Amino acid sequence: MMQITPTVKQLLIINVLFFIGAELVGAPAYDILSLFYFENAKFQGWQPITHMFMHGGLMHIFFNMFALYSFGSLLEHIWGGKKFLFFYISCGLGAALLHTGVNYYFFHDGLDQLINAGFKREDIFSLLNQGQIDTRWAETLGTDSLNRFGGSFASPAVGASGAIYGLLGAFAFMAPNAELALMFIPIPIKAKYFVPGLLCLDLFLGVSGKSIFGGAGGIAHFAHIGGAIIGFLMMWYWKKNDMNKHRWN
């Protein structure tokens, strides 16, 4: 078992402190530090960073921190602390960017339909910023689209998962034949199949808006994909420019 590296240790501590603090403070902490859609009145410029250190429950933070320890320590050992932290934060920001872009598409698709149906833009935003909806909107959008429309605007994103997916992508890039397994998939699978398979599942669930267990989804699947894409692009660029040989100490 690899010894925990300094930057990973610091990230673990920060995440745990954020989690404990948010649990003690309650809803106001999540309103301030979670990532809200940028046209929502609750959005603040620091949220693309701070949302990476917020988590929605014990299982959420446990799995993310376990993955951070498992993959992050290996990558920091290879790269050094500064390069690892730059990669980690970049993947988290990439996750936030794609998540926001997808929310923009779903929100404005619904917004255009409502405006074309005769609803006023300012009235729509006013209701949404009060945490309310007009029940008549369902007649125009349908129940599923209304849920997607409202959720894109009002539901904040929390968690380090986007950055973690970047670490997974980097690991698969560097060690494609290494075998990985999940608790509910005990059979080891090579990283070059495991990570793309996980991303395909995220893409399917993200497009369908469903959960792997059925019912409505509550996971930011496109944030996972965004983190992995940025991770892959950074790995590809570093390899192309032969930067993986250098440590950023």
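The structure under discussion appears in the preceding block.
Residues numbered from 1 in each chain as written. Predicted model: local features only at pLDDT ≥ 70, side-chain atom pairs only at ≥ 80, totals over all residues. Heavy atoms only, no water.

A closer look at the overall build of the protein chain
Helix and strand content of the protein chain: 11 helices and two strands. Ordering the α and β elements of the protein chain from the N terminus gives α-α-α-α-α-α-α-α-α-β-β-α-α. Considering the protein chain as a whole, with its 249 residues, one finds that 42% of them fall into the buried category. In the protein chain, once contacts between residues fewer than 6 apart in sequence are set aside, the share between residues at least 24 apart is 68%. (Helix = DSSP H or I, 4+ residues; strand = E, 2+ residues; numbered from the N terminus. Buried < 20%, exposed > 50% of the residue type's maximum accessible area, 1.4 Å probe, protein only. Contact = heavy atoms within 4.5 Å.)

Some details on the packing of aromatic side chains
Throughout the structure, instances matching the rule amount to 19 aromatic pairs. Where Tyr-37 meets Phe-38, the ring centres are 4.8 Å apart and the plane angle is 50°; that geometry is what we call tilted. Taken together, the aromatic side chains of Tyr-37, Phe-38, Tyr-104, Phe-107, Phe-125, Trp-137, Phe-149 and Phe-153 make up a single cluster linked through ring pairs. Above the plane of the ring of Trp-238 lies Lys-83, whose end atom (NZ or CZ) is 4.3 Å from the centre. Arg-148 extends its terminal NZ or CZ atom over the ring of Phe-106, reaching a point 4.1 Å from the ring centre. (Phe/Tyr/Trp six-rings, centres within 6.5 Å; stacked < 30°, edge-to-face > 60°. Lys NZ or Arg CZ within 6 Å of the ring centre and 35° of its normal.)

Some points on the packing of helix H4 (residues 58-79) against helix H5 (residues 81-116)
As a packed pair, H4 and H5 sit with axes 7 Å apart at the nearest point and diverge in direction by 130°. Classified by the angle their axes make, H4 and H5 are oblique. Seen from above, H4 lies across H5 with right-handed handedness. Residues Leu-68, Gly-72, Leu-75, Glu-76 and Trp-79 of H4 pack against Gly-81, Lys-83, Phe-84, Phe-87 and Tyr-88 of H5. Each residue belonging to the contact of H4 with H5 can be placed in one class, and the counts come to six nonpolar, two polar and two charged. (Axes fitted to C-alpha atoms, helices over the stretch in contact; angles between N-to-C directions. Parallel < 35°, antiparallel > 145°, perpendicular 65-115°, else oblique. Left-handed = near helix turned anticlockwise from the far one by under 90°. Nonpolar A, V, L, I, M, F, W, Y, C, P; charged D, E, K, R; others polar.)

Honestly, that's just the spatial picture; any functional story needs more than this.
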